[in-house]
Amino acid sequence: GAVVSQHPSWVICKSGTSVKIECRSLDFQATTMFWYRQFPKQSLMLMATSNEGSKATYEQGVEKDKFLINHASLTLSTLTVTSAHPEDSSFYICSANFPGSYEQYFGPGTRLTVT
Amino acid sequence: DAKTTQPPSMDCAEGRAANLPCNHSTISGNEYVYWYRQIHSQGPQYIIHGLKNNETNEMASLIITEDRKSSTLILPHATLRDTAVYYCISHTNTGNQFYFGTGTSLTVIP
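Residues numbered from 1 in each chain as written. Chains lettered and ligands numbered in written order. Predicted model: local features only at pLDDT ≥ 70, side-chain atom pairs only at ≥ 80, totals over all residues. Heavy atoms only, no water.

**Q** Help me understand the overall build of chain A in this model?
**A** Looking only at helices and strands, chain A features zero helices and eleven strands. N-terminal to C-terminal, the α/β element order of chain A is β-β-β-β-β-β-β-β-β-β-β. Its C-alpha atoms give chain A a radius of gyration of 13 Å, within 12% of the compact-globule value 13 Å for 115 residues. Along the first, second and third principal axes, the C-alpha atoms of chain A reach 40 × 25 × 20 Å. Classification of the 115 residues of chain A by burial places 51% in the buried group. Total accessible area computed for chain A in this model is approximately 5600 Å², and 53% of it derives from carbon and sulfur atoms. One finds the centroid of the 9 positive side-chain charges in chain A at a distance of 7 Å from the centroid of its 9 negative side-chain charges. (Helix = DSSP H or I, 4+ residues; strand = E, 2+ residues; numbered from the N terminus. Rg over C-alpha atoms; globule rule 2.2 N^0.38 Å. Buried < 20%, exposed > 50% of the residue type's maximum accessible area, 1.4 Å probe, protein only. Areas by Shrake-Rupley, 256 points an atom, 1.4 Å probe, with all protein chains shown as cover. Lys, Arg positive; Asp, Glu negative; His and termini not counted. Charge placed at Lys NZ, Arg CZ, Asp CG, Glu CD.)

**Q** Help me out: how do you make sense of the side chain of Glu59(A) in this one?
**A** Counting through the fold element by element, Glu59(A) comes out in the loop between β6 (57–58) and β7 (67–73). Buried Glu59(A), no salt bridge; nearest opposite-charge side chain is Arg37(A), N-O distance 11 Å. Separated by 3.0 Å, the side chains of Glu59(A) and Tyr99(B) make a polar contact. Beyond its immediate stretch of four places on either side in the chain, Glu59(A) contacts Leu46(A), Met47(A), Ala48(A) and Tyr99(B). (Salt bridge = Lys/Arg side-chain N within 4 Å of Asp/Glu carboxyl O. Polar contact = N/O pair within 3.5 Å; in protein donor to acceptor, adjacent residues only side chain to side chain. Contact = heavy atoms within 4.5 Å.)

**Q** I keep staring at the interface of chain A and chain B and nothing clicks. Help me out?
**A** It is common to report an interface's size as the accessible area lost on association of the parts. The partner chain B presents 20 residues to the 19 residues of chain A that form the contact. Taking both partners together, chain A and chain B bury about 1500 Å²; carbon and sulfur atoms supply 54% of that area. Connecting chain A to chain B are zero salt bridges. Taken together, the links from chain A to chain B amount to six residue pairs in polar contact (both at pLDDT 80 or more). When grouped by side-chain class, the residues that make up the side of chain A that touches chain B number nine nonpolar, seven polar and three charged. (Buried area = accessible area lost by both parts, 1.4 Å probe. Nonpolar A, V, L, I, M, F, W, Y, C, P; charged D, E, K, R; others polar.)

In structure tokens, the structure reads:
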């Protein structure tokens, strides 16, 4: 079946630095990908919709200048957390729709810890 | 998308059927009911979806009431590996964003 991968699976960074998370669709092309954030013992919260070749659409309350999204190809979307702070520590998950399918495939997630 | 409500937690004995309810009383006519599950520290996994007819696949069955205001996900023979948080989501299939509710934490007990 369709697979979505994320890299890295976990990352630790110092406060004030930036970190990039990659989301790839491995065996299909995805014109749209989605980024979610999940804090411990909470549900997934949609952050933004990543559109290939155009600007991302951010959910209300999500800072677009802090969470930079680039969808430069049909198989890759990146999320960059700029000037990270400890409160940005979270589980970041991406997803993509398989073309012609209603199913949304999720990546395995990236655990970000900001110290 | 319509809001869904689910019980926060449930237990099920291993080998028995797990019946997970979901209320979606404000669902509109073009919204599907999707079920996903999330095992600890992993990405969500698709289980099943339906519009108004009951659906069955190799993982589960989905029973949707005639008025479509509620549904039940049935795992026919629960195993320990089915321990996860199960999310019921109503979705129009346009725009394709999924908005997750709080889900049901299912614990399968040996």
